[in-house]
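# Chains, contacts and geometry: an overview
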Amino acid sequence: MGAGKTTAIRAISDIEPIVTDVANHDTSVAKERTTVGLDYGMLSLDNGDRIRLFGTPGQARFDFLWQILVRKALGLVILTDNSRPDPLADLAMFLDGFALQLESVPCVIGVGRLDSHPQPTLEHYADLLEARGQVFPLLPVDVRRRDDVVLLVDTLLGQIEAGMQLDLP
Amino acid sequence: MAQLRLGAIGLAAKDVAYIRALLRLYSHTAKLDWVFVDHPPFAAVVTDRAVRAAQAVWFAGFNGPVLTLVEPPGAPEADTVAYPVHAEQMRTWLALRQQTLRAPAATAPAPAPAPAPAPAPAAIVSEPAPQAREAAAPAVAERRYKLRRWPSPAMLQNNELHLKIATLLSRNDLSTLRLAALTGHSEDACRRFLIMLHQAGLLTESVAPGDMPGHAHEPADASAAPVRNGLLASLRRHLGL
């Protein structure tokens, strides 16, 4: 929550994102509005294909939505907010929530607000992943900057490409 | 019987020329069946300590004998020859290794594959011609690498190639040849970053059959691959990448 899903989708979507933000009543997060359903954006490619971008609420009580949206996903971007009280626990929650899918779905992790909140560092995030036996790209991101969001997507595409090289049985 | 191929890894040009000349002389004066070559595959290689340390990944992947040149007063060790190259010591080593390499397989403790010509390390020897690589491929055991932990920002250095290689290796184990194909950079460039990752202890290694078309690295769903490749290319164009 508060990591900037709506902003990230807006940065690259061809359409004005459809958002389901409402007034935030969670006093632990300093933001006026938060996503309660899902955000939706779209990219219309030159070959006629359309890529749909879904942003799901970060709170664990919405995990039923995660399972639905990830079913046909090309990849997954997890955005964490380093200004949150325990961003590593937030990440662990997402990794648990998507545990089954992460065995096959490419994934990239973007860490926001590292400039203003340098702890935990990216190395701490890498420690967490290593302890779980997982390796995903870890990038600092400012979702207000289109270049940062594009780099996240490009990295995700690299993961997808690598997955296409998996061996035959 | 084919001659045994000796290569030099990371040695100065004058030393390479000297060793090449020695092998020519040996071929006339002794029962040695070695030829000095510039390109893999190598049955054995000669190098020095500094190069061996700097190119640890490559040497770890090379299955043949390695002769290391050591400057005095280094204590005599197996598989070392004094530098400047001592001709007689070198001849003795080559004779010994020729015997080992040509020993019948039945006498070996386990089936002994031909020395695997691992890919050559960065900026040391020229790349083999593609046709030569393909010809050697069926006998090659390819080293593949995978990340066991995401590298630190200091190691990635905001370098596009570093990020690309790390991303690929975070998901799949790949050879330098495959990395070069996927990144569009040379094997040497890929290998340089692999060495950094290896020295930082971030890589795991495995050995697999060579990168032969249709064998090891084809997509699980080969018919879907072109479609997906087209989609990724189109998406990249759309994002201005």
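The preceding data block contains the structure.
Below is a summary of the structure that appears in this document. (Residues numbered from 1 in each chain as written. Chains lettered and ligands numbered in written order. Predicted model: local features only at pLDDT ≥ 70, side-chain atom pairs only at ≥ 80, totals over all residues. Heavy atoms only, no water.)

## Some thoughts on the overall build of chain B
- Scanning chain B from terminus to terminus reveals ten helices and seven strands.
- With 241 residues in all, chain B has 46% of them scored as buried.
- Taking all contacts inside chain B whose residues are at least 6 apart in sequence as the whole, residues at least 24 apart take part in 68%.
- Element-wise, carbon and sulfur atoms account for 58% of the exposed surface of chain B, whose accessible area totals about 11,800 Å². (Helix = DSSP H or I, 4+ residues; strand = E, 2+ residues; numbered from the N terminus. Buried < 20%, exposed > 50% of the residue type's maximum accessible area, 1.4 Å probe, protein only. Contact = heavy atoms within 4.5 Å. Areas by Shrake-Rupley, 256 points an atom, 1.4 Å probe, with all protein chains shown as cover.)

## Section: the side chain of B:D188
Residue and element names in this part refer to chain B.
- Structurally, the position occupied by D188 is in helix α9 (residues 187–199).
- The class of D188 is buried, set by a relative accessible area of 17%.
- There is a polar contact of 3.1 Å between the side chain of D188 and the side chain of R191. (Polar contact = N/O pair within 3.5 Å; in protein donor to acceptor, adjacent residues only side chain to side chain.)

## Describing the environment of B:I19
All names here are of chain B.
- Among the structural elements, I19 can be located in helix α1 (residues 13–29).
- With eleven residues separating them along the chain, I19 and A8 place their C-alpha atoms 8.5 Å apart.
- Residues within four places of I19 in sequence aside, it is in contact with L6, L11, F36, V46, V85 and M90.

## Topic: the environment of A:T121
Residues and elements named next belong to chain A.
- Residue placement: T121 occurs in the loop between β6 (107–112) and α4 (122–131).
- Of the residues examined, T121 reaches a relative accessible area of 25% and is grouped as partly exposed.
- Measuring from C-alpha to C-alpha, the distance between T121 and N82 comes to 8.9 Å, with 39 residues separating the pair along the chain.

## Considering the packing of aromatic side chains
All names here are of chain A.
- Within this structure, the stated rule accounts for three aromatic pairs over all chains.
- The interplanar angle of 45 degrees and the centroid separation of 5.3 Å between the aromatic rings of Y40 and F54 together place this pair among those described as tilted. With Y40 in strand β3 (residues 39–44) and F54 in strand β4 (residues 50–55), this residue pair connects regions lying 14 residues apart in the sequence.
- Owing to a relative accessible area of 17%, Y40 belongs among the buried residues under this scheme.
- For the pair W66 and F94, a centre-to-centre distance of 5.2 Å together with 40 degrees between the ring planes defines the contact as tilted. Taken together, the positions of W66 in helix α2 (residues 63–69) and F94 in helix α3 (residues 87–97) put the pair 28 residues apart, joining distant regions of the chain. A single burial state applies to W66 and to F94, both of which are buried.
- By the ring-pair criterion, three or more aromatic residues cluster together here, those being W66, F94 and F98. (Phe/Tyr/Trp six-rings, centres within 6.5 Å; stacked < 30°, edge-to-face > 60°.)

## Some remarks on the pairing of strand β4 (residues 66–70) of chain B
Residue and element names in this part refer to chain B.
- Of all five residues in β4, five are buried; the element is thus mostly enclosed.
- In this sheet, β4 lies alongside strand β3 (residues 44–48) in parallel orientation, the contact comprising four bridges. Counterpart to T47 in the pairing with β4 is T68.
- Alignment of β4 against strand β5 (residues 80–82), held across three bridges, turns out to be parallel. (Pairing = 2+ DSSP bridges.)

## Description of helix α7 (residues 160–171) of chain B
All names here are of chain B.
- For α7, spanning twelve residues, the distance from its first C-alpha to its last is 17 Å, which sits close to the expected 16 Å at 1.5 Å a residue.
- Most of α7 sits out of view: eleven of its twelve residues are buried.
- Taken together, the buried positions of α7 are L161, H162, L163, K164, I165, A166, T167, L168, L169, S170 and R171. (Expected span 1.5 Å × (residues − 1).)

## As for the sheet that holds β5(B)
Residues and elements named next belong to chain B.
- Within the open sheet, the five strands sit side by side as β2-β1-β3-β4-β5. Their pairing is parallel. Both outer strands of the open sheet, β2 (34–36) and β5, are each paired with one neighbouring strand and no more. Neighbour to neighbour, the strand axes of the sheet diverge by 25 degrees on average, direction disregarded. (Axes fitted to C-alpha atoms, helices over the stretch in contact; angles between N-to-C directions.)

## Brief notes about the side chain of B:T47
Residues and elements named next belong to chain B.
- With respect to the secondary-structure elements, T47 resides in strand β3.
- According to the relative accessible area criterion, T47 is buried, its value standing at 0%.
- Once residues lying within four places of it in the same chain are set aside, the contact partners of T47 are I9, L11, R52, F59, V66, L67, T68 and L69.

## Comments concerning helix α1 (residues 5–12) of chain A
- The buried fraction of α1(A) amounts to six of the eight residues, a majority that puts the element mostly inside the structure.
- Those residues of α1(A) lying buried are A:K5, A:T6, A:A8, A:I9, A:A11 and A:I12.

## Thoughts on the interface of chain B and chain A
- Counting from both sides, the interface comprises 37 residues of chain B and, opposite them, 41 residues of chain A.
- Buried area between chain B and chain A, summed over both chains or domains, comes out near 3,700 Å², and the portion from carbon and sulfur atoms is 58%.
- At the boundary of chain B and chain A, one finds eight salt bridges.
- Linking B:R149 and A:D127 is a salt bridge whose minimum nitrogen-to-oxygen distance equals 2.6 Å.
- The interface formed by chain B and chain A holds 16 residue pairs in polar contact (both at pLDDT 80 or more) in total.
- Listed by contribution, the elements that provide at least two residues to the side of chain B that touches chain A are β6 (141–147), α7, α8 (176–183) and α10 (225–239) of chain B.
- Per element, the largest residue contribution to the side of chain B that touches chain A is twelve residues, and it comes from α10(B).
- Grouping the amino acids of the side of chain B that touches chain A by side-chain chemistry returns 17 nonpolar, ten polar and ten charged. (Buried area = accessible area lost by both parts, 1.4 Å probe. Salt bridge = Lys/Arg side-chain N within 4 Å of Asp/Glu carboxyl O. Nonpolar A, V, L, I, M, F, W, Y, C, P; charged D, E, K, R; others polar.)

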